[in-house]
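So the chains spell out like this:
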Amino acid sequence: MSKWLIIWCILFGYTSTYSQSQKTGQIGLFYDHMDQYCKEKVVTTDFCKAVDFHRSRKRDSCYIYAGRALEIVKNQEQQDILHYIQGVSAIKKKLYTKALQNMNSISEDFKFSGLKNHKLGEIHLVLENYDQSIQYYKKWLDQHIGTKDEVFLKTAYHNLGVSYLHKKEFDTTEKYFSKELALIKEKDTFFVIVTKMELANAYYSQYRDEEAIALFKESYRLATLFHDIELKQNTAKNMAVVEKNRKRYQESVAYYIEYGKWKDSIWNRDKIWELTEKDKQLAIAQKEQEIQLQDEKIKRQKTQRNGLIIGSSLLLLFIGILGYFYKLLIGKKKLITEQKEQLDIANTTKDYLFSVVSHDLRSPVNALKRQHEKLLDHIAEKDLLGIKKTTDTAITLTESTSHLLNNVLHWSLEQSEQLFFEPETYPLKPILEHVISDYEYLATTKDIILNTTLDASILATVDKESLKIVLRNILDNAIKYTKNKGKITITSGNHATDKCYIEIKDTGAGIPPEILAKINSLHDITTDKIDRSKGVGLGLLLCHTLIKKNNGQILFDSEPGKGTTIKIVLPKGID
Amino acid sequence: MKTLRLLVLEDEDEEAKEISEFLSDHNFEVTRASTIQDAERKIQDHFFDMIILDIMIDGKPDGIVLAQQINEQQLNIPFLFLTSTQSKHFFDLAKLTQPATYLLKPYNTLELIFSIELAIEKHYKQSNTLSFNSENAVLSPTYIFVKKNKSVMKLAIESIHYIEVKEKYCNLISKEGNFLIKLSLIKVKELLSNPDFTQVHRNFLVNIKKIKEIYFEDNLIILENDAKIPFSERYKALFIKDNDILN
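Residue numbers run consecutively from 1 along every chain, following the written order of its sequence. Think of it this way: whatever chain is written first is A, whatever ligand is written first is 1, and the rest follow in order. Only residues with pLDDT of at least 70 get local features here, since the model is predicted, and only at 80 or more are side-chain atom pairs given and counted; chain-wide, interface and lining totals rely on the full set of residues. Side-chain measures were taken over the full set of non-hydrogen atoms in the model, leaving aside hydrogen atoms and water.

Caption draft 1: Region of interest: the pattern of salt bridges. Salt bridges are defined as contacts in which a side-chain nitrogen from Lys or Arg sits within 4 Å of a carboxyl oxygen from Asp or Glu. Evaluation of the coordinates by the stated rule reveals 28 salt bridges over all chains. One salt bridge connects Lys95(B) with Glu422(A), and the closest N-O pair in it is separated by 3.0 Å. In this pair, Lys95(B) sits in helix H4 (residues 88-96) while Glu422(A) sits in the loop between helix H15 (384-415) and strand S1 (424-427), so the two residues belong to two different chains. Whether a residue is buried, partly exposed or exposed follows from its accessible area with a 1.4 Å probe, protein chains only, as a fraction of its type maximum: under 20%, in between, or over 50%, in that order. Assessed through its relative accessible area of 40%, Lys95(B) is described here as partly exposed. Arg32(B) is paired through a salt bridge with Asp13(B); the nearest N and O atoms lie 2.8 Å apart. Taken together, the positions of Arg32(B) in strand S2 (residues 28-33) and Asp13(B) in helix H1 (residues 13-25) put the pair 19 residues apart, joining distant regions of the chain. For Asp13(B), a relative accessible area of 51% gives the class exposed. Residues joined by salt bridges that share partners form a network here, namely Glu243(A), Arg246(A), Arg248(A) and Glu251(A). Helix numbering and strand numbering both begin at the N terminus, where a helix is a DSSP run of H or I of at least 4 residues and a strand a DSSP run of E of at least 2.

Here's what the structure looks like:
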């Protein structure tokens, strides 16, 4: 049975402590040397990069850049440096065979052969070539007698001790460990514990159990006060083994339990770290998921927004179409209403015309018939005077009937918008003269004097035929209602700068005020409102309508018993 | 002075007779056509100053058809519608032929002559002249239409002595009298486009056939009627250039 189970073998990498000796020690010199190369820029960038990575302990990058630089660099010393730093990186990456190659490739003239030897010792120790390891370390020790570089010295002593331990040359082991222990300052608990443990191992291997147990215990006691869990674990394990060998199983078990506890806690630490990593990963995954969710949400919102926009625009379009159709409908409705109104007017006109025909036309035609019967009687009696009188009456009746018929015709044409209407500029005087000339005979038969004072310089813009209809109606009425030996005066002249007037004044019976008011309000009256029994006839209505259509005005003024004055105002024409 | 020659298209004999008699009484020379074919033949064979059309001939709107033919053949004869038709349909059709005027039956004689005056005015685009004042006349490239004893007559433009600017318009001096033409002198010159009428002053257009004497030194022209017309330097040069005999 193997008495010892543990070899506490720590490879003190100076890299863990080089910062302390950087400025003063060999390694510091080495760095300065390398920096010099980079500063002088006599080397490739890869060289400097490898150096930088070496210094910042980025082993992978350092290893790769050193490899690259090695292919380029031809200078022996530079090659040596690169081999060295690549070798160091290889050690850290646990590529010991490669490291060994690198170190062996370094030439004998290498300025820092001490560093090289130190490293070679380390490599050989790991590769369990203890004799070579001891050889290199001793070589180093020979090179650096009286060195102040404690870290290197300590490492060297320690590793020598370990090597001898493995070679079971315990005396030498003890010697080196003691040397190391002497170098370690009290404060450096870690090294104290480790070294004491190694020493204990050495004693234990020599079956100097008492000394060994004392040291084991001390290291265990120190470890319990120290923070390093691995040390606690190892010391506990050592104690467990030792107690077991002493057959103090109870204690051994207790130490084992403790060992297990520390192992657990290491495992826990690792686990915690792992868990934290996992947590981190989980958190990241969660975050990513959240981001994805957020993205999804945003996407959804976008879709929603798009949908909303499309929806609202569709709605607007729909409303627009609806509005359009509504407008169309309203338009149609309006049209229908307008048409209805027009139809109503046409209907009233028709009714009105029927009533005119039935009232105003029947009686004169009947009278005419009677006159003709009378005429037959007169012929039978050969009463020539009677014949003349009856014929005169018949002619008068025919004329007034014809006049009425013309009015009916014009009125119906006007109402159905069939009346030809084309205003043009005409001299006013000739038109008036032409109409008046038709009434000259009628006036003389009634001994009525027709006086005319007409301005020859006036041009009027009118529809000639409609103006004639109006003038005929007015003159007809004037002659009808003026007694024998009366007087009718017709005047025309300027009314304003852009207006002219025609005035027809008679000395007739005049119009009662209430009827006059009605006549004057005719310009805004329609057929359905005319009370035919009140004596307002078609003629005057026609006058109003046609003058209005000619953009003119017609005004009636009358004094019962003295006569009536009718004034027509029309737009003047421009020459 | 010459009388106007009128063609009347009227299917009703009674009315045709009435119109003819009345127009003849007022110094018009009237030819009557009772059908559209008759009217077409007469237009081809004779010269007319104006055509009076009834719209409905034997129940068809032949008056309008004839009016369309007159327009298509560019006969350049003024025509007017004399009708008892009051249907808007026919009026609209008639309006498309751009008649000088319309006269609705029943009409009186004064209205008929007035309508003839309106027709001449409108045809030669000199509105409100003849019908407005008896001193006015209407100028055509060959005749001057003037009012004479409640009638319209025409004067050959050769009888014009000279034309003088009067305000915006022109005064026309002839053996038969002076007439006002409602056109500017430039328009008159354009309308006549007759080499016999030469401008001698910015205000005067002279019928060179009527010149009796010319005094170049005194810048004076004396016409047959002894009228003294100033001769401006500017127009004198042109005048000499145009009349080789003087060189």
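Past the structure itself, the notes keep going.
Caption draft 2: Highlighting the domain arrangement of chain B. All names here are of chain B. Here the domain parsing of chain B yields domain 1 (2-123) and domain 2 (136-246). For each domain, the first and last residues come from an automatic or database assignment. The C-alpha centroid of domain 2 is placed 33 Å from the C-alpha centroid of domain 1. Each partner contributes residues to the interface: domain 1 has 13 residues there, and domain 2 has nine residues. Buried surface at the junction of domain 1 and domain 2, summed over both partners, amounts to about 1,100 Å²; 64% is from carbon and sulfur atoms. Residues are treated as being in contact if the distance between any of their heavy atoms lies within 4.5 Å. What counts as buried area is the accessible surface, traced by a 1.4 Å probe, that two parts surrender upon association, with contributions from both included.

Caption draft 3: Fine view of the packing of helix H10 (residues 170-183) of chain A against helix H11 (residues 189-205) of chain A. All names here are of chain A. At their nearest, the axes of H10 and H11 sit 10 Å apart, and the two run at 165° to each other. Judged on the interaxial angle alone, H11 and H10 are roughly antiparallel. Every pair of crossing elements has a handedness; the one defined by H10 and H11 is left-handed. Judged by residue contacts, Phe170, Thr173, Glu174, Phe177, Ser178, Glu180 and Leu181 of H10 engage Val192, Thr195, Lys196, Glu198, Leu199, Ala202, Tyr203 and Ser205 from H11. Charged means Asp, Glu, Lys or Arg here, nonpolar means Ala, Val, Leu, Ile, Met, Phe, Trp, Tyr, Cys or Pro, and polar covers whatever is left, Gly included. Here the contact of H10 with H11 is built from residues that sort into seven nonpolar, four polar and four charged. Note on geometry: axes are lines fitted to C-alpha atoms, helical ones only across the stretch in contact, with angles between N-to-C directions running from 0 to 180 degrees. An angle below 35 degrees is treated as roughly parallel, one above 145 as roughly antiparallel, one from 65 to 115 as roughly perpendicular, and anything else as oblique. Crossing handedness is read from the near helix: turned anticlockwise from the far helix by less than a right angle, it gives a left-handed crossing, and turned clockwise, a right-handed one.

Caption draft 4: Spotlight on the packing of aromatic side chains. Note on ring pairs: Phe, Tyr and Trp rings are taken, using the six-membered ring of Trp, and paired if centres are within 6.5 Å. Classes follow the plane angle, with under 30 degrees stacked, over 60 edge-to-face and the rest tilted. All chains considered together, the criterion is met by 15 aromatic pairs over all chains. Taking the centre distance of 5.7 Å and the plane angle of 70° together, the rings of Tyr324(A) and Phe325(A) count as edge-to-face. Taken together, the aromatic side chains of Phe420(A), Phe79(B), Phe81(B), Phe91(B) and Tyr102(B) make up a single cluster linked through ring pairs. It is Lys549(A) that lies over the ring of Phe421(A); its NZ or CZ is 4.9 Å from the centre. Over the ring of Phe48(B) we find Arg5(B); its NZ or CZ atom is 5.9 Å from the centre of that ring. Only lysine NZ and arginine CZ atoms are considered, and such an atom sits over a ring when it is within 6 Å of the ring centre and within 35 degrees of the ring normal.

Caption draft 5: Region of the structure containing the domain arrangement of chain A. Split into domains, chain A comes out as domain 1 (25-111) and domain 2 (422-571). For domain 1 of chain A and domain 2 of chain A, the distance between their C-alpha centroids amounts to 132 Å.

Caption draft 6: Geometry of helix H5 (residues 109-123) of chain B. Residue and element names in this part refer to chain B. Given a rise of 1.5 Å per residue, 15 residues ought to cover 21 Å, and the 21 Å separating the end C-alpha atoms of H5 matches this to within 8%. Of all the residues in H5, the buried ones are Glu111, Leu112, Ile113, Phe114, Ser115, Ile116, Glu117, Leu118, Ala119, Ile120 and Glu121. At the C-terminal side of H5, Lys125 shows a positive phi close to 55°. For a helix, the expected span equals 1.5 Å multiplied by the number of residues minus one.

Caption draft 7: Fine view of the packing of helix H5 (residues 76-92) of chain A against helix H6 (residues 96-105) of chain A. Residue and element names in this part refer to chain A. Their axes nearest at 8 Å, the elements H5 and H6 cross at an angle of 160°. In terms of axis orientation, H5 runs roughly antiparallel to H6. Note that H5 runs across H6; the crossing there is left-handed. Contacts between H5 and H6 pair Asp80, His83, Tyr84, Gln86, Gly87, Val88, Ala90 and Ile91 from the former with Tyr96, Lys98, Ala99, Asn102, Met103 and Ser105 from the latter. When the residues that make up the contact of H5 with H6 are grouped by side-chain class, the tally is seven nonpolar, five polar and two charged.

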